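Working through the structure, step by step
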Amino acid sequence: MTGTESQTLAEAARNLAQGRTTSRALTENSLARVAARDEDLRAFITVEADRARAQADAADARVRDGHRLGALDGLPIAVKDNLSTAGGVTTIGSAIFRDHVAEENAGVVDRLEEQGAVRVGKTNLHEFALGVTTENPHFGICRNPWDRDRTPGGSSGGSAVAVAAGMALGAIGSDTSGSIRIPAAACGILGLKPTYGLVSSYGCYPEAWSLDHVGVLTRTAEDAAVLLDAISGHDPRVPSSLRVISSQAAREFEDTGERGRARPLRIGIEENFFFASIDAEIEAVVREMLDSLTGAGADVGARADVGTGAGAGARPDAGAGAELVPVSLPSLADAVYALTVIDTAETTAFHAEQFRERPQDYGEDVRVLIECGALPTAVDYLQAQQIRSRVREEFATVFEQVDVLASPTLPIRTPRIGETVVEVGGQERGRDDELMRLVGPANLAGLPSVSVPCGMLDGMPVSMQFLGPALGEGAVLRAAAAVEKLFPLPASAR
């Protein structure tokens, strides 16, 4: 039997189904990794060891009886602590909710339980998910397993660390301005923000309701597809929930022989925003990977028989290299402004009453953010929404030409803990703005986006981002899988 540090979620699922391991063995390994490393890394706020063992034993009994509940049955998963879990404490990473016991599950937690997943615990996050470092003043500073002096990113930092350090086979996070993809990039794992409304946000403590997404953090693209399929689908309790049964991304990883082999995958390259003001060495790593994907041996092609949207359902096609296509998205010049106005205004509106009553219970950085969110006027907010509409229209036009867009995930090296100013091209810039700059537009437009490791610099992972059309999760995950084949990430973080 093998442990969580040496197999992927998809491999563990197959091993469980074929009797080569047990859920109890996987769970004990996860809990052992938590015991060995979490005092230092602070990935978890709550470890649910007794519950996890009971769930694992129940899953093993179902395997023996031949009645597995779903693809996640018996697999150790971690859940971000801004997602409600009935009967248990859900802190949202805050002092205000330190002892809050939720009355019902978040929609995504219900899906996990229906699938038989084993919940290892609730993961650390930036307070109220309002930040990009997971330097939490109430539950401890979360640390990067590649270098404990560096940030793991945020706000889903604990979920990323749990996966990167082998404490769980997969994790659930939330993403409003990059909060899944930033920590995935910093910690050298895969992070997927799906199409807006594909995964229920019910029971996820809001940051900005028109930007909030629930998504997944895993080791591989196939793992992300399996986890996404299990948790996605319509939730009538959420007005923004898409009326779809569920994602079918895992079909992209099935062996279909010659079916669907077609033209090379078209990868859009937008230079003026996504490749502007980037750390030179990060840019070199990403461009080298893009060049590799275009090579004759690059195993990345596109098919059109699965999924929706241009390029949805991209699948490997041996011997067919990808094609790089220059594209233009001029409205992205205003995207950061629009995202900032919408995000901060909606956040402050949600927190307004609580903030008036208990401002002293907010951490300093979160307090400043909420105060700033009161500055935009109604005119500012409406103008930001107009920019958002133009950005969406331009993305839609571009995805008539290409299957995915590619860029670096982060334009800077992973900052050190406490570092608030970074240098790019000899200029000093704010850390938070830089970490969100390239990942934010996917939230503004509600489009699927994945971060995948593509190289190393000075002992730290470098990642690239793929964006796709609405419901184009298959396209971005297949592109990510092609990168994984060319760059198998070293396992030193575990």
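Residues numbered from 1 in each chain as written. Predicted model: local features only at pLDDT ≥ 70, side-chain atom pairs only at ≥ 80, totals over all residues. Heavy atoms only, no water.

This brings us to the nonpolar core. Grouped together as the largest cluster of nonpolar side chains are 91 residues, with contacts concentrated most on I172, I267, F395, M464, F466 and L477. Once you skip the residues sitting within four places of it in the chain, M464 turns out to touch V286, M289, L290, A406, S407, P408, T409, V450, S451, V452, C454 and V483. The next biggest cluster of nonpolar side chains, apart from the first, holds 23 residues, and it includes L31, A43, F44 and A164. (Core = buried A, V, L, I, M, F, W, Y, C linked by side-chain atoms within 4.5 Å. Buried < 20%, exposed > 50% of the residue type's maximum accessible area, 1.4 Å probe, protein only. Contact = heavy atoms within 4.5 Å.)

Here the residue pair G154 and S155 is connected by a cis peptide bond, since its omega of 10° sits within 30 degrees of zero. Relative to the helices and strands, S155 is located in the loop between β5 (140-141) and α5 (157-164). For F128, which is not glycine, the phi torsion reads 55° and is therefore positive. Turning to its location among the elements, F128 is positioned in the loop between β3 (118-123) and β4 (135-136). On the basis of relative accessible area, F128 is assigned to the buried category, the value being 0%. In this model, L471 sits at a positive phi of 60°, which is unusual for a non-glycine residue. Residue placement: L471 occurs in the loop between β17 (460-467) and α15 (473-486). L471 sits in the partly exposed class, given a relative accessible area of 29%. (Helix = DSSP H or I, 4+ residues; strand = E, 2+ residues; numbered from the N terminus.)

To continue, consider the pattern of salt bridges. Under the counting rule described, the total for this entry stands at 26 salt bridges. The closest approach of N and O atoms between R119 and E48, which form a salt bridge, is 2.7 Å. On the criterion of sequence distance, the pair formed by R119 in strand β3 and E48 in the loop between β1 (44-47) and α3 (49-65) is long-range, its members being 71 residues apart. The same class applies to R119 as to E48, namely buried. The salt bridge partner of D73 is R62, with a shortest N-O separation of 2.6 Å. Here R62 lies in helix α3 and D73 lies in the loop between α3 and β2 (76-80), a separation of eleven residues in the sequence. Comparing D73 with R62, the two get one shared label, buried. (Salt bridge = Lys/Arg side-chain N within 4 Å of Asp/Glu carboxyl O.)

What follows deals with the pairing of strand β6 (residues 170-175). Within β6, six of the six residues are buried, leaving the element largely enclosed by the surrounding structure. Here β6 shows a buried face lined by G170, I172 and S174 and a second buried face lined by A171, G173 and D175.

Counted by the stated rule, this structure contains eight aromatic pairs. An angle of 75° between the planes, with centres 5.1 Å apart, marks the rings of F355 and Y362 as edge-to-face. Across the pair, Y362 and F355 agree in class, each one buried. An aromatic cluster is defined as three or more aromatic residues linked by ring pairs; in this entry it consists of F97, F128, Y205, F350, F355 and Y362. We note R237 situated over the ring of Y202; from NZ or CZ to the ring centre the distance is 3.9 Å. Taking the ring centre of F253 as reference, the NZ or CZ of R478 above it sits at 4.3 Å. (Phe/Tyr/Trp six-rings, centres within 6.5 Å; stacked < 30°, edge-to-face > 60°. Lys NZ or Arg CZ within 6 Å of the ring centre and 35° of its normal.)

Another point: the confidence of the model for the protein chain. For any part of a model where pLDDT is low, the fine detail of the predicted coordinates should not be relied upon. The share of residues in the protein chain with pLDDT of 70 or more is 91%, and the mean pLDDT across the chain is 92. In this model, residues 303-319 is a region of pLDDT below 50 whose contacts with residues beyond four sequence positions or in other chains number 63 contacts. (pLDDT = per-residue confidence, 0-100.)

Now for the layout of surface pockets. The calculated volume of the largest pocket comes to roughly 680 Å³. Split into classes, the residues belonging to the lining of the largest pocket amount to nine nonpolar, nine polar and seven charged. (1 Å grid on protein atoms, 1.4 Å probe; cavity = no way out; pocket = protein on both sides within 12 Å on 5 of 7 lines; lining within 4 Å. Points joined across faces, edges and corners; volume = space filled by probe spheres on them. Nonpolar A, V, L, I, M, F, W, Y, C, P; charged D, E, K, R; others polar.)

Glancing now at empty space enclosed by the protein. Over the atoms a probe the size of a water molecule is rolled, and this reveals where empty space is left. Following the criterion strictly, the structure yields three cavities of 30 Å³ or more and no others. In this structure, the largest cavity encloses a volume near 70 Å³. Lining the largest cavity are 14 residues, and of these Y196, G197, V199, S201 and D212 sit closest to its centre. Broken down by class, the residue content of the lining of the largest cavity amounts to six nonpolar, seven polar and one charged. Roughly 50 Å³ of internal volume is contained in the second largest cavity. Around the second largest cavity sit Q55, I77, V79, V109, L112, E113, A117, V118 and R119, which together line it. If you list the elements that add at least two residues to the lining of the second largest cavity, you get β2, α4 (107-115) and β3. Per element, the largest residue contribution to the lining of the second largest cavity is three residues, and it comes from α4. A breakdown of the residues in the lining of the second largest cavity according to their chemical character gives six nonpolar, one polar and two charged.

It is at 9 Å that the axes of helix α10 (residues 335-357) and helix α11 (residues 364-372) come closest, and there the two elements cross at 115°. Looking at the two axes, α10 sits roughly perpendicular to α11. Here α10 and α11 pass one another in a crossing that is left-handed. Along its contact with α10, which presents T347, T348, H351 and F355, the element α11 presents R367, L369, I370 and E371. Partitioning the contact of α10 with α11 into residue classes produces three nonpolar, three polar and two charged. (Axes fitted to C-alpha atoms, helices over the stretch in contact; angles between N-to-C directions. Parallel < 35°, antiparallel > 145°, perpendicular 65-115°, else oblique. Left-handed = near helix turned anticlockwise from the far one by under 90°.)

Quick look at the pairing of β2 now. Summarising burial for β2: five of the five residues are buried, a large majority. Residues P76, A78 and K80 line one face of β2 and the alternating positions I77 and V79 line the opposite face, and both faces are buried. Relative to β3, β2 is paired through five bridges, and the arrangement is parallel. Each bridged residue has a counterpart across the sheet, and for P76 the counterpart in β3 is V118. For the crossover that starts at β2, traverses α4 and ends in the parallel β3, the hand is right-handed. (Pairing = 2+ DSSP bridges. Right-handed = clockwise from strand over helix to strand, strands pointing away.)

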